[in-house]
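A look at the structure
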Amino acid sequence: MTKLTQKVENLGQMTVQALERLGFAMRLFWDSFYWLIAGRKYKQRLRFSQVVKYIKSEGVDALPIVLMLALVVGMMLAIQLIYALEAFGAESQVLLAIAKSVTREFSPLITGIIVAGRSGAAIAARIGSQTVSQEIDALNVMGVVPVRYLVLPPLLALIISMPLLIIAADIVAIFGGALFSVTKLDMSISAYMVDSFNVLVVGDIMQGLIKSVVFGIIIVLVGATTGFYVTNGAEGVGKATTTAVVVSISFIVFADMIASFFLTK
Amino acid sequence: MTSQNHKTPDKVIEVTDLVTHYGTRKILDGMNFEVERGEIRVIMGGSGSGKSTLLWYILGLYKPTEGRIKVLGEDINQISFNEHLKLKQNIGVSFQSGALFSSMSVGENVAFPLREFTDLDENTIRIITRMKLEVVNLGGFHKLMPSQLSGGMIKRAALARAIVMDPKLLFFDEPSAGLDPVVASEIDDLILSLRDNMGMSMVVVTHELESAFKIADRITVLDQGKNLLTASVEEVKKSKNKRIMDLLQRRSRHDKLDPEEYLRRLTQENYTLS
Amino acid sequence: MKSDLINFEKDDHHCTLFVQGDVDLSNSSELRKTILSALKTSPLVEVDLADVTYIDSSGIAALVEGLQYANNHDKSFHLKRLSAHVKSIIELARLDQVFTIDD
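Predicted, not measured: the structure shown is a model, and the values here were computed from it. Sequence order as written defines residue numbering, which begins from 1 separately in each chain. Lettering of chains starts at A and numbering of ligands starts at 1, both following the order in which they are written. Only residues with pLDDT of at least 70 are given local features in this predicted model, and only at 80 or more are side-chain atom pairs given and counted; all residues enter the totals for whole chains, interfaces and linings.

1. Things to note about the overall build of chain B
Where helices and strands are cited, they refer to DSSP runs of H or I of at least four residues and of E of at least two residues respectively, numbered from the N terminus. In terms of helices and strands, chain B carries 11 helices and 10 strands. For a compact globule of 274 residues, the expected C-alpha radius of gyration is about 19 Å, and chain B comes in at 21 Å, within 12% of that figure. Its C-alpha atoms give chain B principal-axis dimensions of about 70 × 40 × 40 Å. With C-beta atoms placed from the backbone, a residue is buried if 20 or more other C-beta atoms are within 10 Å of its own, exposed if 12 or fewer are, and partly exposed between those counts. Counting across all 274 residues of chain B, residues that qualify as buried make up 44%. Within chain B, contacts between residues at least 6 apart in sequence are counted, and of these 65% link residues at least 24 apart. Computation of the radius of gyration draws on C-alpha atoms alone. For the globule rule, the value is 2.2 Å times the number of residues to the power 0.38. Placing C-beta atoms from the backbone, we regard two residues as in contact once those atoms come within 7 Å.

What follows is the structure, given as structure tokens:
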């Protein structure tokens, strides 16, 4: 019996903790934009060079792996869809199916997961180790707002680079689909690519881009929040890194489902 | 007296009836504490006496349950967030661990506040940075990363960063902890010359008696979250208060060693302190 | 060029700048500009610091920049009549061994 009450108590405690962190993450988001706008006035300038640095490390450096996986996913989709559509004799529809599913769903999701693994982990580790070594306290007592210095730059960097990654992933994934499909459809790769872009409407591309921005925000906020909550030294930093990746990927998948529901009519 | 001192109030720190909690545990319990301009004040006390806590609250890292904290004449829990940010530029802090930014070189660490808060050009920032490193005897070390520094060098680099904005008030948490006596004594000399030459007021938290007696104008001894005694070095040395005498003599709990009890502590599987 | 912070006397061979009051972040760039422009026109520039009540690091840096410019351009740059405060700050950074200081 005591074991049960203990479990209920633990559950309650975990819920409170989760809600507290959710509130903290919301606060980070709000503060980031507050300092983006008010920063100049109070000598809390956002450094443009810092944003550029993060665009490189979180956007550009992620490009090779994002493109590689996009290519593979495009090919994989072609294989599966042609197999499934053959049953109805509708192989020609594979072009439409790949173009739509890639832009609306697969490239944001894959990119989101990769960036969560790279940047989410990096942000959590960076902020976590700075929390442990009192660097955050040092910023605070100097009068530098940590959010402005540590959260806003990667947040802006991802809001800028996620859509760009998505566009690149869209093109490469469709190309990947083309590689496998052209022989079945008996058309050239360039004709396949042109046709794919013709079947897409603005809404398809926009859905992917909107999702990617949301995913970027989730990744930075989850990474930063777990980082700021680190205790227990180096071991805590390691745990936070894992937590940040798992939690942000879970949130991304949920957000993806919700976004798909509301954006697909 | 320099004219800068006209702008600094007579009392650089005034803490009145401060009560703080950590969770539900009371840490500071009606603390009163004042530091005067130009003074080097040493805070002493055993672990758990609240000496670090007092420092964190004066620095405004946490909000107190009760009481008032005035720093450089400003009530830090009344002024706006942005006024507090400005106030912090007049305050330097050297952390026990140094808290240097590990991703930046020593020079970049020291230059950081100048880059953030001033519009000085790069040449001027470089000169000021190198000058501060000279002051702490780290001339020429600006390119090293914090991970390449020894304990004493980290403390000195942290001190250079703390004084780079010419603060009116400097906090120093455990300047000599973990250093060998020679290096510790160098840091003490540095503290004295900073006060004498720059007219800074300082609050130094330490548990090293020798260092405290050397640098302090007055010593504050904390015990169980209260200000037990604030007095000059001579008065503290002469004090008859038992807790202060304990602290001064550092009576070790191993003084009266019971051999049998000791053996039990070492060998018994289920030994617990009774 | 006349201000609350700096006055100057000038003849063909040298220029003396009289600095007074507080030199801090708000006006150290003025000191720096005045020193550098004086060095462009005179072979010898002296800075009289007798009436300086406070000088911060940016003020000292301005003096160092003056010396740096003078050495690079074959000119002379001297400090003169240091106030007690200036003297203690300059000695803290051991710059008394770098500057030529006249009485």
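2. Points about the packing of helix H4 (residues 106-117) of chain B against helix H6 (residues 151-163) of chain B
Residues and elements named next belong to chain B. Each axis is a line fitted through C-alpha atoms, taken for helices only over the stretch in contact, and angles between the N-to-C directions span 0 to 180 degrees. Two numbers describe how H4 lies on H6: the axes approach to 7 Å, and their chain directions differ by 25 degrees. Put simply, H4 runs roughly parallel to H6. The crossing of H4 and H6 is right-handed. Across from Val106, Asn109, Val110 and Phe112 in H4, the residues of H6 making contact are Ala157, Ala160 and Arg161. When residue character is reported, Ala, Val, Leu, Ile, Met, Phe, Trp, Tyr, Cys and Pro are called nonpolar, Asp, Glu, Lys and Arg charged, and the others, Gly included, polar. Here the residues of the contact of H4 with H6 sort into five nonpolar, one polar and one charged. By definition in this entry, angles of less than 35 degrees are roughly parallel, angles greater than 145 are roughly antiparallel, angles of 65 to 115 are roughly perpendicular, and the rest are oblique. Handedness of a helix crossing follows the sense of rotation of the near helix relative to the far helix, less than a right angle counterclockwise being left-handed and clockwise being right-handed.

3. Considerations on the packing of helix H7 (residues 181-198) of chain B against helix H3 (residues 84-92) of chain C
For any two helices packed against each other, the geometry is given by the interaxial angle and the distance between the axes. Contact geometry for H7 of chain B and H3 of chain C: axes closest at 8 Å, N-to-C directions at 150 degrees. When the axis of H7 of chain B is compared with that of H3 of chain C, the two are roughly antiparallel. In this structure, H7 of chain B uses Ser193, Asn197 and Met198 of chain B to contact H3 of chain C, whose residues at the interface are Ser88, Ile89, Glu91 and Leu92 of chain C. When the residues that make up the contact of H7 of chain B with H3 of chain C are grouped by side-chain class, the tally is three nonpolar, three polar and one charged.

4. Let's talk about the interface of chain B and chain C
Contact with chain B, which involves 16 residues of that partner, is made by 18 residues of chain C. Sorting the residues of the side of chain B that touches chain C by element identifies helix H1 (3-7), helix H5 (122-135) and H7 of chain B as the ones contributing at least two each. The greatest single-element share of the side of chain B that touches chain C, amounting to seven residues, is contributed by H5 of chain B. Classifying every residue of the side of chain B that touches chain C by side-chain character gives six nonpolar, eight polar and two charged.

5. Here's the deal with the domain arrangement of chain B
Residue and element names in this part refer to chain B. Domain start and stop points were drawn from an automatic or database domain assignment. We note that the domain assignment places domain 1 (1-90 + 169-182 + 200-249) and domain 2 (99-166) within chain B. The centre of domain 1, based on its C-alpha atoms, is set 25 Å off from the matching centre of domain 2. Counting from both sides, the interface comprises five residues of domain 1 and, opposite them, seven residues of domain 2.

6. Concerning the interface of chain A and chain B
Facing 12 residues of chain A, the contacting portion of chain B comprises 15 residues. Its residues assigned to classes, the side of chain A that touches chain B shows five nonpolar, four polar and three charged.

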